[in-house]
Amino acid sequence: MRALPRLDSLNRDFWTGGEHGELRIMHCNDCDGYIHPPRPVCRHCLSENVSAKAVSGRGVIDTYTINHQAWHPKMEVPFVIARVALSDAPGVIITSNIIGCSVDDVDIGDEVSVVFEQQDDVFIPLFEKVK
Amino acid sequence: MTMRNEAFITGIGQSEIGRKLARHPLLLTVDAVKEALAEAGLSIEQIDGVSTYPGRVPQMLGFSPVGSDELIDALGIKAKWYAGGGEISSQLGAIVAAASAVRTGQARHVICYRTVYEAGAMANPAEYPMMRRDRVDGNSQWTAPFNALSAATWVAQYAMRHVKKYGLTREQLAQIALTDRANALLNPRALVREPLSMDEYLSARMVSDPLCLYDCDRHSDASTVLIVSAGDAIDEVRCTPVRIAAMAGSVDRHSWDQAEWMASYATGRDLWQRTDYTPADVDTVQLYDGFSFLALTWLEGLGFCEVGEGGKFIEGGSRIALDGELPLNTFGGQIAAGRLHGFGFAHEAVVQLRGLGGERQINGDPKVAIATSGGGPLATALLLARDA
């Protein structure tokens, strides 16, 4: 079981886009920049003309750690926590987990692609290595 | 600038440091206040300001159980200025705020404190309940759903970059913990007073690769106080004043998951732009080590070595040892002295500059020291100098 986010008007697209297989990132319709975490103003040009946009879900591992500590009794370890730099949303980094491979098979620079794990009404974006 | 407009650290104090202490955290704070007042030769009536970090945190009382308004009320302080909050450039930001207040004439003597009761609170959940919500929000929503629940996992990712990009080894990183534990043996108040060997370090269980158990500090119960005094009030003080020669702090992206790089680098660079001192003038460094890797990046950020060279800089440990050219965390740091949460570093810098370190006093006649807090997305650095 994962801790889940409280959904609100700004983060709902990010956390539920997975229902449609889409990773949705807040995007500025004026300067074409991306804004994450999602806010109602563009951090690049201060435009308020922003809305969530589906991106490819491809990314590169910026850095990572193998977590060995069970932070609560039901946590299964080890697992990988990684910062994923999204390939087509410059400047956006998402902390996530790398799944579908051995924890020892993860490295900085690896190409990854999003998969979604549903828990209640939330679709959590996780990443798998691109084969 | 005349000395009148400077800010000084005068009295300093510290409670007992322990785990699951029976003493109420407000009383731990009073212990530290009394020690600081006695050293400065000040009475509580002369205190007209209070500053703390992060203020009382009701949902995590053990993390910060004593609010500044509570302390003001408990001690009968007539405050002209006070502050306490977490939205500041990390723990020692409370001292930066106090220094700014005395330099602008808003107060003459400000009690700055940080009280922690994390071990005691965990042992007594009835009195110190953790308030949990069904769902997370704010910055936590970007880490908690991925089970990145501890700062250890956030710092570890920056550390992994150093491993992969610069070849940082476990043997090099170990020198922070080994140095801390060696120094704590000479600090009667330190929480952990047992030596640590390289073999023990290397065989310790991993917490979050590359950080092992000994790279992390431990929850503690303690209070640390520093009194910040105005230059034109310094003749009221009995102890040797320590001048705050420069201050710097920074935040870019507050959330760890978005911070591209660590705030210790920008903060370290800015510190030197605000003073004529240079790294070569520094006699000792007290660098935030809630996780060992943070201290290593502070060494780089403050310019004692190049970015990426921190591992080589501390290799073997002799350079940062008590008798080395740049003694580090002479009280044991947070890793060995206890999780005093930032204030322990400023406290120890003053101890060393006054020559009051006892068995752990560094050689020579130290006149310049650095104390830092934070180092992840938030950071604060203080350059402290003794003029006489």
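Given the structure is predicted, the values throughout are model-derived calculations rather than measurements.

Chemist: When you look at the overall build of chain B in this model, what are you seeing that I'm missing?
Modeler: For chain B, the count of helices and strands is twelve helices and eleven strands. Expected size for 388 residues packed as a compact globule is a radius of gyration near 21 Å; at 19 Å, chain B falls within 12% of this value. Along the first, second and third principal axes, the C-alpha set of chain B runs to 55 × 50 × 40 Å.

Chemist: Looking at this structure, I do not really get the pairing of strand β6 (residues 93-99) of chain A. What am I missing?
Modeler: Consecutive residues of a regular strand have side chains that alternate between opposite faces of the sheet. Residues and elements named next belong to chain A. Burial within β6 is extensive, with six of its seven residues counted as buried. Pairing between strand β5 (residues 79-86) and β6: six bridges, direction antiparallel. Paired with A85 across the bridge in β6 is I93. Counted along the chain from β5 to the antiparallel partner β6, the turn is six residues long, and its residue G91 has a positive phi close to 90°.

Chemist: Sorry if this is basic, but what is going on with the sheet that holds strand β3 (residues 50-55) of chain A here?
Modeler: One key point about sheets: their strands pair by backbone hydrogen bonds, in either a parallel or an antiparallel sense. All names here are of chain A. Here we have three strands laid out as an open sheet, ordered β2-β1-β3, and antiparallel in their pairing. Edge positions in the sheet fall to β2 (34-35) and β3, since each has one partner strand and no second. The pairing of strand β1 (residues 23-28) with β2 spans two bridges and is classified as antiparallel. Each bridged residue has a counterpart across the sheet, and for H27 the counterpart in β2 is Y34.

Chemist: What am I meant to see in the interface of chain B and chain A here?
Modeler: Accessible area lost upon the coming together of the parts serves often as the stated size of an interface. With 27 residues of chain B at the interface, the matching set in chain A holds 25 residues. If you list the elements that add at least two residues to the side of chain B that touches chain A, you get α5 (151-166) and β5 (206-208) of chain B. In terms of residue count, α5(B) provides more of the side of chain B that touches chain A than any other element does, seven residues in total. The class makeup of the residues in the side of chain B that touches chain A is twelve nonpolar, eight polar and seven charged.

Chemist: Would you mind showing me how to read the packing of helix α8 (residues 263-272) of chain B against helix α9 (residues 292-301) of chain B here?
Modeler: Axis angle and axis distance: for two packed helices, these are the angle between their axes and the distance between the axes, and together they describe the pair. Residues and elements named next belong to chain B. Relative orientation of the contacting elements α8 and α9 amounts to 35°, with a least axis distance of 8 Å. In the packing of α8 onto α9, the handedness of the crossing is right-handed. Contact residues: S264, Y265, T267 and G268 in α8; T297, W298 and G301 in α9. Of the residues belonging to the contact of α8 with α9, the class tally is two nonpolar, five polar and no charged.

Chemist: Even after reading the chapter, I still don't get the UniProt feature "domain: ChsH2 C-terminal OB-fold" (unreviewed entry) in chain A, so can you show me in this structure?
Modeler: Under the UniProt annotation, "domain: ChsH2 C-terminal OB-fold" (unreviewed entry) lies at residues 53-117 of chain A. Structurally, residues 53-117 of chain A is divided into 0% helix and 54% strand, and its ends, taken at the C-alpha atoms, are 20 Å apart.

Chemist: Help me understand the sheet that holds strand β2 (residues 49-52) of chain B in this model?
Modeler: Residues and elements named next belong to chain B. Read across the sheet, nine strands follow the order β3-β2-β4-β7-β1-β8-β11-β10-β9 without closing on themselves; strand pairing throughout is mixed. What marks the edges here is a single partner per strand, and that holds for β3 (81-84) and β9 (284-286). Recorded for the sheet is a direction-independent mean angle of 25° between the axes of neighbouring strands. Relative to strand β11 (residues 378-385), strand β10 (residues 368-374) runs antiparallel, the two sharing seven bridges. What sits directly across from G374, in β11, is A379. In this fold α8 packs onto β8 (242-251), β10 and β11, with an angle of close to 140° to the strand it touches most, β8. Along the sheet face, helix α12 (residues 343-353) touches β1 (7-14), β4 (109-117), β7 (221-230), β8, β9, β10 and β11 and points at about 170° away from the line of β10.

Reading the values: the criteria
- Residues numbered from 1 in each chain as written.
- Chains lettered and ligands numbered in written order.
- Predicted model: local features only at pLDDT ≥ 70, side-chain atom pairs only at ≥ 80, totals over all residues.
- Helix = DSSP H or I, 4+ residues; strand = E, 2+ residues; numbered from the N terminus.
- Rg over C-alpha atoms; globule rule 2.2 N^0.38 Å.
- Buried ≥ 20, exposed ≤ 12 C-beta atoms within 10 Å, placed from the backbone.
- Pairing = 2+ DSSP bridges.
- Contact = placed C-beta atoms within 7 Å.
- Nonpolar A, V, L, I, M, F, W, Y, C, P; charged D, E, K, R; others polar.
- Axes fitted to C-alpha atoms, helices over the stretch in contact; angles between N-to-C directions.
- Left-handed = near helix turned anticlockwise from the far one by under 90°.
- UniProt positions renumbered as here; feature names shortened; annotations may be inferred.

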